[in-house]
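Read off the chains here:
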Amino acid sequence: MSWTVPGYVPDGNWSDGVYGIGYEAAAGAEHLIQTEVPIGTVSVYTRVEFQIDEDPQDLIDVFLGRDYDDGVVAWINGLEVYRSPEMLSG
């Protein structure tokens, strides 16, 4: 998946949005939703650029917040850092 590779640039066709992303407008997460996704959407892929001002060697812990229904996989710089139990490997 080339979009997980550091330095991947061709994301100009991706829609802009603000986190959180979803469509749970009446299920308790409505205060988290900033970018609505049409009901019936099967998958959502997001990409966020961020910079760590510390020396990465000095990091002890990083928090990745998420609220999801069916499964989630997260990568940082092309390295898979989290896969929910619902998601098959690969």
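Described below are features of the structure shown in this document. Note that the structure is predicted; figures quoted are calculated from it, not measured.

Some points on the environment of Y68
Summarising the element assignment, Y68 is placed in the loop between strand 2 (35–36) and strand 3 (73–76). Given the relative accessible area of 27%, Y68 is considered partly exposed. With 16 residues separating them along the chain, Y68 and S84 place their C-alpha atoms 9.6 Å apart.

A look at a nonpolar patch on the surface
On the surface, Y19, I21, V44, V48, F50, I52, L59, V62, L64, I76, L79 and V81 cluster together into a nonpolar patch covering about 1,100 Å² of accessible area. Turning to its location among the elements, F50 is positioned in the loop between strand 2 and strand 3. Looking at F50, the relative accessible area reads 56%, which means it is exposed.

So, the environment of N77
Inspection of the secondary structure puts N77 in the loop between strand 3 and strand 4 (79–83). You can call N77 exposed: its relative accessible area is 62%. Sequence separation between N77 and E49 is 28 residues; the distance between their C-alpha atoms is 9.9 Å.

Rules used in this analysis
- Residues take numbers from 1 onward in each chain, read along the sequence in its written order.
- The predicted origin of the model limits local features to residues at a pLDDT of at least 70 and limits the giving and counting of side-chain atom pairs to 80 or more, whereas totals for whole chains, interfaces and linings rest on all residues.
- Side-chain metrics rest on all non-hydrogen atoms present in the structure, leaving aside hydrogens and water.
- Here a strand is any run of E in DSSP of at least two residues, a helix any run of H or I of at least four, and the numbering for each starts at the N terminus.
- Categorising residues by exposure relies on relative accessible area from a 1.4 Å probe, with only protein chains included: less than 20% of the type maximum marks a residue as buried, more than 50% marks it as exposed, and the intermediate range marks it as partly exposed.
- What goes into a patch is any residue over 30% in relative accessible area without a salt bridge, connected to like charges within 9 Å or, for nonpolar side chains (Val, Leu, Ile, Met, Phe, Trp, Tyr), within 5 Å.
- Areas reported as accessible are Shrake-Rupley estimates using a 1.4 Å probe. Residue values count occlusion only from the protein chains shown.
- Basic side-chain nitrogens of Lys or Arg form a salt bridge, by our definition, when they fall within 4 Å of a carboxyl oxygen of Asp or Glu.

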